[in-house]
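Chain by chain, the residues run as shown.
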Amino acid sequence: QNKDVFTYKSDFDENGILYAIGSGFGKSEYRNPAQAGLVEVRTAARMGRVSKPKEFIVGRDGGIDCYINGVENNWFCINFKNRSIRPTHYTLRHDVAPTNENHLRNWQLQGSNDGDGDLWDVLIDHKNDESLNEPDGTFTWVIPNITTFYQYFRIKMTAETSSGGWYICCSGFEIYGEIRRKDDDGGATKKMHTLIKIV
């Protein structure tokens, strides 16, 4: 099925788009979709010294230490490759770090169809948002009135964390809404790939 709607019920339920991609849309056992190469995670800086690899940013398990080293206006981006999403909700999980520091407070969820450029639409602008407060804590936000489908989604900090730093501590991301495959254009994408191969 090329087009479908994924509806949020609870944090890290089995209704999210990343879960669907990781489980072959119900045809296989779930695998982290970034580890499986089905989506790509990019980060502004290296992962921390004791952090799991960046693919764990889109993981589902609690108890994971996963953080990006602090750089000003830190960010991570998820490339959904041959799929695009019109989002309605998204979920974040703060990592398990026992020091319970560096909760996101000021950041944006952004969407783009040009992941290498500066063309990012702000979907939510979080200001002094205290929704994430504890190790392994999760929260889901409604993304209102989005009509555009995006291939890339980015979490970008706009000010420091609760601890005054620029670390992003995130061991889970999920997104809900309507999904579309890029080959819904009648095969033009596939033709372009063939052309590139010939060259």
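All figures in this text were calculated on a predicted structure; none of them were measured in a lab. (Residues numbered from 1 in each chain as written. Predicted model: local features only at pLDDT ≥ 70, side-chain atom pairs only at ≥ 80, totals over all residues. Heavy atoms only, no water.)

1. Points about the state of the cysteines
- Counting across every chain of the model gives 0 disulfides.
- In this structure C66 is a free cysteine whose sulfur lies 6.7 Å from that of C170, the closest cysteine sulfur available.
- Among the cysteines around C169, which has no disulfide bond, C66 carries the closest sulfur, lying 8.9 Å off. (Disulfide = S-S within 2.5 Å.)

2. So, the pattern of salt bridges
- Using the criterion set out here, one finds 5 salt bridges in the structure.
- Note that R60 is salt-bridged to E174, the shortest N-O span being 3.9 Å. Of the two residues, R60 is situated in the loop between β2 (40–43) and β3 (67–68) and E174 in strand β11 (residues 172–181); the sequence distance between them amounts to 114 residues.
- Taking the shortest distance from any N to any O, the salt bridge between E178 and R86 comes out at 3.1 Å. Note that E178 is positioned in strand β11 and R86 in strand β5 (residues 83–93), a separation of 92 residues in sequence.
- On the basis of relative accessibility, which here comes to 14%, the residue E178 falls in the buried class.
- By relative accessible area, R86 is classed as partly exposed at 22%.
- Within this structure, E40, R42 and D116 form a network of salt bridges that share partners. (Salt bridge = Lys/Arg side-chain N within 4 Å of Asp/Glu carboxyl O. Helix = DSSP H or I, 4+ residues; strand = E, 2+ residues; numbered from the N terminus. Buried < 20%, exposed > 50% of the residue type's maximum accessible area, 1.4 Å probe, protein only.)

3. Quick word on the nonpolar core
- F76, F80, Y90, L92, I155 and F173 are the most contacted members of the largest nonpolar core, which totals 40 residues.
- Every element with two or more residues in this core is listed here: α1 (17–22), β4 (75–79), β5, β6 (107–112), β7 (121–126), β9 (152–157) and β11.
- Of the residues forming this core, the biggest block, 4 residues, is contributed by α1. (Core = buried A, V, L, I, M, F, W, Y, C linked by side-chain atoms within 4.5 Å.)

Fair warning: the whole summary comes from geometry, so function is off the table for now.
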